[in-house]
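This is what each chain is made of:
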Amino acid sequence: MSFLRLLSGVWLTVVALLLPAPTLAQKTAPRPQVYRTRDSTCTVTVLRYGPPAAQQALVAIVSPGHPWDRHIFLTASRSDGRCGVGITRHQIILHGEDWDLLTNRFFLDQRVYNFELELLDNGDAGLPVTFDLVEAKKLTERASADSLLTAYRRQEAKRKTSLARYVLKAKAGAEK
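Quantities reported herein were computed from a predicted structural model and do not represent experimental measurements. (Residues numbered from 1 in each chain as written. Predicted model: local features only at pLDDT ≥ 70, side-chain atom pairs only at ≥ 80, totals over all residues. Heavy atoms only, no water.)

Draft legend 1. A look at the pattern of salt bridges. Tallied over the full model, the rule gives 3 salt bridges. Glu116 is paired through a salt bridge with Arg105; the nearest N and O atoms lie 3.1 Å apart. Taken together, the residues span a long stretch of sequence, with Glu116 in strand S7 (residues 112-120) and Arg105 in strand S6 (residues 97-107) at a distance of 11 residues. Through salt bridges that share partners, Asp80, Arg89 and Asp100 make up one connected network. (Salt bridge = Lys/Arg side-chain N within 4 Å of Asp/Glu carboxyl O. Helix = DSSP H or I, 4+ residues; strand = E, 2+ residues; numbered from the N terminus.)

Dropping the structure here:
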């Protein structure tokens, strides 16, 4: 009898991972935004995750040769503005500290965006390396929220990676 319960629990977990989550998908932004470095060596895809009030985003990094290549982070998104500059930070917790993985600045007077990706040169160790990004309009047109959500679900199902210790800031605050 307990074997059947275990089997049914595993079955339900597999089905839950394979089926789309309609309520989450409906509240998630319809299309991700894609950015890249000018030399196209690094690409970043950003998708608001859940309702806007949740202030979360998925940030997918494609940077061949970097330990975080093809990893999707669930980030806490924080927006503020000072001195004519609107700033949105997509943060993770790295070594117990807030880490601005992706920063978007909008200069109000010039109507210009500036995007920066900040990685450590050796994954979760080493020196910070900043990449200036530009909008990749053609990649954005082809990007799919569904494929990014599916990739994120698959990644989370395999959560036994070295990146498991990167905790979403919002979750850490909710546990207090």
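Here the narrative resumes, following the displayed structure.
Draft legend 2. The arrangement of the pairing of strand S5 (residues 85-94) in detail. Summarising burial for S5: 8 of the 10 residues are buried, a large majority. Alignment of strand S4 (residues 71-82) against S5, held across 7 bridges, turns out to be antiparallel. Looking at S5, one finds that Gly81 is bridged to Gly86. Sheet topology places S5 next to S6; 10 bridges connect them, and they run antiparallel. Its bridge partner lying in S6, Gly86 is registered against Phe106. Adjacent in sequence and paired antiparallel, S5 and S6 are bridged by 2 residues, among which His95 carries a positive phi angle near 55 degrees. (Buried < 20%, exposed > 50% of the residue type's maximum accessible area, 1.4 Å probe, protein only. Pairing = 2+ DSSP bridges.)

Draft legend 3. Inspection of the nonpolar core at higher detail. Counting residues in each nonpolar core, the largest one holds 19 residues, and the members touching the most others are Val44, Val46, Ile61, Trp68, Leu101, Leu117 and Leu133. Of all the elements in the fold, those that place two or more residues in this core are strand S2 (43-48), strand S3 (56-62), S5, S6 and S7. By residue number, the principal contributor to this core is S7, which donates 4 residues. Sequence-distant contacts of Leu133, that is, excluding residues within four places in its chain, are made with Tyr35, Arg36, Thr37, Val44, Leu102, Phe115, Glu116 and Leu117. The next biggest cluster of nonpolar side chains, apart from the first, holds 11 residues, and it includes Ala29, Ala60, Leu74 and Ala145. (Core = buried A, V, L, I, M, F, W, Y, C linked by side-chain atoms within 4.5 Å. Contact = heavy atoms within 4.5 Å.)

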